[in-house]
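# Analysis of the macromolecular model
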Amino acid sequence: MRSQELRSAFVEFFTSRGHKHVPSASLIPDAMSTTLFTIAGMEQFVPAFLGDEPAPAQNVVTVQRCLRVAGAKSDIENVGRTGRHGTFLEMLGNFSFGGYYKTEAIRYAWDFVTGRLGVDPSRLAVTVHTGDDDAERIWREEIGVPGERITRFDEDNFWTMGPTGPCGPCTEIFYDSGPQNALGPDDDGPNKGNRWVEIWNVVFQQYNRGADGKLEELPRKQIDTGAGLERMLAVVNGKVSMYETDLFTDLIDAQPKPGQTSLNDKDQLERRNIIADHARAVTFLINDGVYPGNTDRGYVLRFLIRRAIRNGRLLGYPNGFLTGLVPAVVKSLESGYPELRANISRIQNALRTEEQTFDRTLERGMNMLDDLLAQTPKGGALSGQDAFVLHDTYGFPVELTREIAAERGVAVDHAGFETAMNEQRDRARRDAASKRAVVTLAELPATKSEFLGYDGLEANGSIVAMLKDNELTQTLNEGDEAQIILDRTSFYAEKGGQIGDRGVLTYDGAQFEVSDTQYQGEAIVHAGKLLRGTLRAGDIVHAQVSPDWRREIRRHHTSAHLLQRALKDVLGDEVAQAGSWVGIDRMRFDFRSPSGALTPDQKRDIVRRVNEMIRDDTPLETRVLPIEEARASGAVSMFGEKYGDRVRVVTAGPSVEFCGGTHAHSTGELGLFLILSEFSIGSGIRRIESCVSRAAEEYTQNQQTLVADLSASLATTPEELGERIGRLQRDVKDLQNAVGDLKARLASSDAQTYVERAERAGEKTFVGAVIPEANGEALRHLSSAIRQRLRSGVIALAGVDDGSVSILVSASDDMVKAGVHAGNLVKLAAPLVDGRGGGQPAQAQGGGKKAEGAEDAVRAIREAVLAS
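Residues numbered from 1 in each chain as written. Predicted model: local features only at pLDDT ≥ 70, side-chain atom pairs only at ≥ 80, totals over all residues. Heavy atoms only, no water.

### Focus: the overall build of the protein
How we decide: Secondary structure elements follow DSSP: runs of H or I no shorter than four residues count as helices, runs of E no shorter than two count as strands, and numbering proceeds from the N terminus. Remark: exposure states derive from per-residue accessible area (1.4 Å probe, protein chains only) relative to the maximum for the residue type, with buried under 20%, exposed over 50%, and partly exposed in between. Here, two residues are considered to be in contact whenever any of their heavy atoms come within 4.5 Å of each other. Per-residue and other accessible areas were derived by the Shrake-Rupley procedure at a 1.4 Å probe size, with only the shown protein chains allowed to occlude residues. We treat Lys and Arg as the positive residues and Asp and Glu as the negative residues; His and chain ends play no part in the count. Working definition for charges: the position is that of NZ of Lys, CZ of Arg, CG of Asp or CD of Glu.
Check the secondary structure of the protein and you find 23 helices and 35 strands. Each principal axis of the C-alpha atoms in the protein carries an extent, and together these give about 100 × 85 × 50 Å. Within the span of the protein, comprising 868 residues, buried residues form 50% of the whole. Considering only contacts within the protein whose residues lie at least 6 apart along the sequence, 68% involve residues at least 24 apart. A total accessible area of about 39,600 Å² is found for the protein, and carbon and sulfur atoms account for 47% of it. Distance from the positive charge centre (101 side chains) to the negative charge centre (123 side chains) of the protein: 4 Å.

### Describing a negative patch on the surface
This is how the line gets drawn: Patch definition: residues with relative accessible area over 30% and no salt bridge; like charges joined within 9 Å; nonpolar side chains (Val, Leu, Ile, Met, Phe, Trp, Tyr) joined within 5 Å. When a carboxyl oxygen of Asp or Glu lies within 4 Å of a side-chain nitrogen of Lys or Arg, that pair is called a salt bridge.
On the surface, Asp30, Asp52, Glu53 and Asp645 cluster together into a negatively charged patch. The partly exposed category is assigned to Asp30, whose relative accessible area is 48%.

### Observations regarding unusual backbone geometry
For Asn470, which is not glycine, the phi torsion reads 65° and is therefore positive. Structurally, Asn470 can be placed in the loop between β13 (458–468) and β14 (471–473). Relative accessible area serves as the criterion here: at 30%, Asn470 is assigned to the partly exposed category. For Asp617, which is not glycine, the phi torsion reads 50° and is therefore positive. Note that Asp617 resides in the loop between α16 (600–615) and β25 (621–626).

### Thoughts on the nonpolar core
The line we're drawing: Remark: nonpolar core denotes a set of buried residues (Ala, Val, Leu, Ile, Met, Phe, Trp, Tyr, Cys) joined through side-chain atoms within 4.5 Å.
The biggest cluster of nonpolar side chains holds 115 residues, and the ones touching the most others in it are Trp139, Ile199, Trp200, Leu304, Leu322 and Phe396. With eleven residues, the top contributor of residues to this core is helix α11 (residues 344–375). Residues contacting Trp139, with those up to four places away along its chain left out, are Ile106, Trp110, Val126, Val128, Gly144, Val145, Ile150, Thr171 and Ile173. Of all hydrophobic cores here, the second largest spans 30 residues; its members include Leu562, Ile614, Ala664 and Leu670.

### Remarks on the layout of surface pockets
Selection criterion: The way it works is a 1 Å grid over only the protein atoms, where trapped points that fit a 1.4 Å probe form a cavity and open points with protein on both sides within 12 Å along at least five of seven lines form a pocket, and then any residue with an atom within 4 Å of a point lines it. Grid points are joined across faces, edges and corners, and a volume is the space filled by probe spheres set on the points. When residue character is reported, Ala, Val, Leu, Ile, Met, Phe, Trp, Tyr, Cys and Pro are called nonpolar, Asp, Glu, Lys and Arg charged, and the others, Gly included, polar.
By volume, the second largest pocket amounts to about 1,300 Å³. Tyr454, Tyr492, Lys495, Cys659 and Gly660 are the residues nearest the centre of the second largest pocket, which is lined by 40 residues in total. Of all the elements in the fold, those that place two or more residues in the lining of the second largest pocket are β12 (450–451), α15 (547–571), β23 (576–582), β26 (646–652) and β27 (655–658). Among the elements that make up the lining of the second largest pocket, the one with the highest residue count is α15 (four residues). Tallied by class, residues from the lining of the second largest pocket come to 16 nonpolar, 14 polar and ten charged.

### Brief notes about the sheet that holds β27
The condition that has to hold: Each pair of strands is called paired provided DSSP finds at least two bridges between the two strands. The convention used is that axes are lines fitted to C-alpha atoms, helices contributing only their stretch in contact, and that angles between N-to-C directions extend from 0 to 180 degrees.
Sheet architecture is open: three strands sit in the order β25-β26-β27, paired in antiparallel fashion. The open sheet has two free edges, formed respectively by β25 and β27, since each of these has just one partner strand. Neighbouring strand axes in the sheet, compared pairwise and without regard to direction, differ in orientation by 25° on average. One ladder, built from four bridges, connects β26 with β27; its direction is antiparallel. The residue bridging Ala652 from the neighbouring strand is Ser655, located in β27. Packing against the sheet, α15 makes contact with β26 and β27, and its axis sits at approximately 115° to β27.

### A few points about the packing of helix α3 (residues 102–116) against helix α4 (residues 133–143)
Definition in use: An angle below 35 degrees is treated as roughly parallel, one above 145 as roughly antiparallel, one from 65 to 115 as roughly perpendicular, and anything else as oblique. By convention, the crossing between two helices is left-handed when the near helix turns anticlockwise from the far helix through less than a right angle, and right-handed when the turn is clockwise.
Contact pair α3 / α4: the axes reach a minimum separation of 10 Å and the direction vectors enclose 50°. Looking at the two axes, α3 sits oblique to α4. Between α3 and α4 lies a crossing whose hand is right-handed. In contact with Lys102, Thr103, Ile106, Arg107 and Trp110 of α3, α4 contributes Asp134, Ala135, Ile138, Trp139, Glu142 and Ile143.

### A look at the confidence of the model for the protein
To keep it simple, the criterion reads: Values of pLDDT, ranging from 0 to 100, describe the predictor's confidence in every residue of the model.
Scored by pLDDT, the protein has a mean of 89; 95% of the residues are at 70 or more. Ranking the elements of the protein by mean pLDDT puts helix α14 (residues 414–435) last with 68 and α16 first with 97. Long-range and interchain partners of residues 431–443, a stretch whose pLDDT sits below 50, account for 17 contacts in this model, where long-range means more than four residues apart.

### Things to note about the state of the cysteines
As used in these notes, a disulfide is a covalent bond between sulfur atoms, one from each of two cysteines. As a reminder of what qualifies: Note on terminology: disulfide denotes any pair of cysteine sulfur atoms within 2.5 Å.
Inspection of the entire model under this criterion finds zero disulfides. We note that Cys66 lacks a disulfide partner, and the nearest cysteine sulfur, in Cys170, lies 16 Å from it. Assessed through its relative accessible area of 0%, Cys66 is described here as buried.

### Concerning the packing of aromatic side chains
Heads up, the condition is: Two rings from Phe, Tyr or Trp (for Trp, the six-membered ring) form a pair when their centres sit within 6.5 Å of each other. Planes less than 30 degrees apart are called stacked, planes more than 60 degrees apart edge-to-face, and all others tilted. Our definition puts a charge over a ring when NZ of Lys or CZ of Arg is within 6 Å of the ring centre and also within 35 degrees of the ring normal.
Considering all chains together, one arrives at 23 aromatic pairs under this definition. Between the aromatic rings of Tyr100 and Tyr108, the centroid separation amounts to 5.2 Å while the plane-to-plane angle is 80°, which identifies the pairing as edge-to-face. Across the pair, Tyr108 and Tyr100 agree in class, each one buried. Within the aromatic cluster, the residues linked to one another by ring pairs are Phe10, Phe13, Phe14, Tyr100, Tyr108, Phe112 and Trp200. A cation over a ring is seen here: Arg17 above Phe13, with NZ or CZ 3.6 Å from the ring centre. Between the NZ or CZ atom of Arg648 and the centre of the ring of Tyr454, over which it lies, the distance is 3.6 Å.

### Observations regarding the sheet that holds strand β31 (residues 764–772)
The strand order β30-β31-β32-β33-β35-β34 describes an open sheet built from six strands, whose pairing is mixed. Looking at the sheet topology across the chains shown, the edges are occupied by β30 (759–761) and β34 (836–839). When the angles between neighbouring strand axes are averaged without regard to direction, this sheet yields 15°.

### A short note on the pairing of strand β35 (residues 843–848)
Side chains Ala844, Gly846 and Gly848 of β35 all project onto a buried face; the interleaved residues Gln843, Gln845 and Gly847 project onto a face where none is buried. Relative to β35, strand β33 (residues 804–811) runs antiparallel, the two sharing six bridges. Each bridged residue has a counterpart across the sheet, and for Ile807 the counterpart in β35 is Gly846. As paired elements, β34 and β35 share four bridges and run antiparallel to each other.

### A short note on the side chain of Arg555
You can see Arg555 is positioned in helix α15. Under the relative-accessibility criterion, Arg555 is labelled buried at 16%. The contact partners of Arg555, leaving out residues within four places of it in the chain, are Ala664, Glu669, Leu670, Val692 and Ser693.

### Section: α16
Convention followed: Multiplying 1.5 Å by the residue count of a helix minus one yields the expected span of that helix. Directions pointing from the helix axis toward each C-beta atom define the arc.
Taking 1.5 Å per residue, 16 residues should reach 22 Å; α16 reaches 23 Å between its end C-alpha atoms and fits that length. Those residues of α16 that fall on the buried side of the exposure criterion are Gln602, Ile606, Val607, Val610, Asn611, Met613 and Ile614. Viewed along the axis of α16, the buried residues span an arc of 165°, placing them on a single side of the element. In this structure, α16 carries Pro600 and Arg615 as exposed residues pointing more than 90 degrees from its buried face. Residues of α16 that are buried in the fold lie against α15 and β28 (673–682).

### Some words on empty space enclosed by the protein
What the rule picks out here adds up to two cavities of 30 Å³ or more. Taken as a whole, the largest cavity holds about 100 Å³ of empty space. Lining of the largest cavity is provided by Tyr291, Pro292, Arg346, Asn349, Ala350, Thr353, Glu574, Arg592, Ser593, Pro594, Ser683 and Gly684. Among the elements that take part in the lining of the largest cavity, α11 stands out by supplying four residues, more than any other.

Structure representation (structure tokens):
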């Protein structure tokens, strides 16, 4: 039986028994979920289990894609090495929300496994919870399972999704894979080893575990079934390992033939299994809107990609092999998930960019890691700082470093790594806090503000709450800085990249100037200052948005729609928005580019296309549609964004998008579109900064003034300015070459002096000096000149220039053979100047900011060389 046959058989079995087939949810769970990824079939139904939302039907069947790489459900360490563990899996599930309970759920499970799939009942055993007499009675009396094949467990038969949420006792079906797979004589039943494989789990969802750990009864008793497709497929086909089923064999066969490798056959197969599993996982993660990054889901995706690449390197695979596997993954899974085919180009582009990025640093990072591991004895530990440098400089996720180190018998100081990471995060937080003040609120009443700003700039609303100094207050007086929450408002709160509105709130002579508008939950918070009068909770104020502010924002927001359309027209439909920021004088648009940096011609074509749409002066149209109708219309949506049952669809000429922001009345309002800059902000992500309307006019005028002033200062015309600057640049280059030659001659004359001062201890020679007013380039000139006169020895130079320190260490070949390592000497000295550095055995460099430590740094290197 092939995988698609099993999927279809499962769905058909339950739909024929009154179940509604509900499509798989995304791997990205609901925002209220406690898990990073969807890890179980029941996860999309948590609100229904809790009674917060109605169920899609009383009885439901699904085939849910899941990812388990973190937390209690993680299988990452065993992936590829056992026959039953993977990161990406499909969970077959049938659910009942008050329709049936234990008897029917157990009967359905048994009938499907033994009847529809034809599994031999004599090779099956079941487990139940220690306190579940009812489940045991049903198995024994109604199903006919012998008592000796029913076992009771406590924690193993109580299912939880995580620390909180729906949970309950469960009963599981196990398959006997045969005594040849037993770990020993005691491996003779479920949960005792490898012989018995769990293939079905029926959870009797009757509790909700709160944040305090207490169990509360759910409003109704419900059924949640989970049966791993991969394990079930292996059992049905008489295989011990799921990696022997078509889900994996097709992907293993699609991999390149191993090249030069030192791995034995067993290790090769395990590495190929890991790559097959990770290829499935990363393909679906990108399909569901996750992209490589340094935090949360993006970090997990990056780890999986780089782990697969590293295993491919061990097998001798060529660069880009993982991207080449995507079509095979899509072919394997598209019968169950047809949307994969439509996204194949986007998936490959994201993977290709990440592979190219890691390929550039992998060799250098592996060289550094190899050197570090060679210096660390078995049973020792790699420092947390070194693991951080590998992560920060060479893109090695710490989990990958830990895995490689473990293969050599070396641990990693994870606590030290976390300390270094936390220091970096603290620096980032301090930097972010200095750039933008954030409205913070406490003890806020649960409020949902109604936004009326789509229809105009003015509205009347009642003051629901006011906060001063982060405390609730009933009264505001003149001069008070505060935050005000209204039940109804025309002010747009910052969302979807569009900044919040500014304006005034007025009431009976009182005037509150709004400087920012933010969401707090579903409440719209107006932050600002009371300029005059008094305001009290309950007052009905008149809200008026600044017309200039809103006008320029909605024009720049509309330009984001036109820009995305132009990018797709010029670069292809693979372009995907990755974020945006809309202000009054510029707009930032982040996108995933299928081709890297924009060429000058592409920039011109994009600007031309946007301005064509502006000149068409097309009126904008906004419709509120059911989500399925909106998707069917072809409207562009943000990957990974969560939408409600109804969405706003904005049409601006050829651009059709999901969007909840404010927009121009027609494209002609934008006037002129200009690109200010275009650059990379991450792996595969480009950023365009642009402007329209008044800001574009001011920018054009400023540029004209700049060109005129430059032309005048250089005694030329604007038309000949480029040629004049070109001549000046050639003159500067000639002067720089002359200065370089002079520095080299000066260094050559100084070099002999330093050689004459060399210190010797036995066979070792050391030249060390602190050079004032010397940067890294000057040190390289001087070191090279010294080396020409000193064939054997170690040279250590520290240059002090404008308060910063550059360190350069060079070791001759015979000194390297004698055990000297320039990179380690720099690492020894760099902390003395509050810096860092490293490099190869023959030459290394570093630097720092503590100029007064330069002498100590050179002295430390001297002592290490002459004392060894």
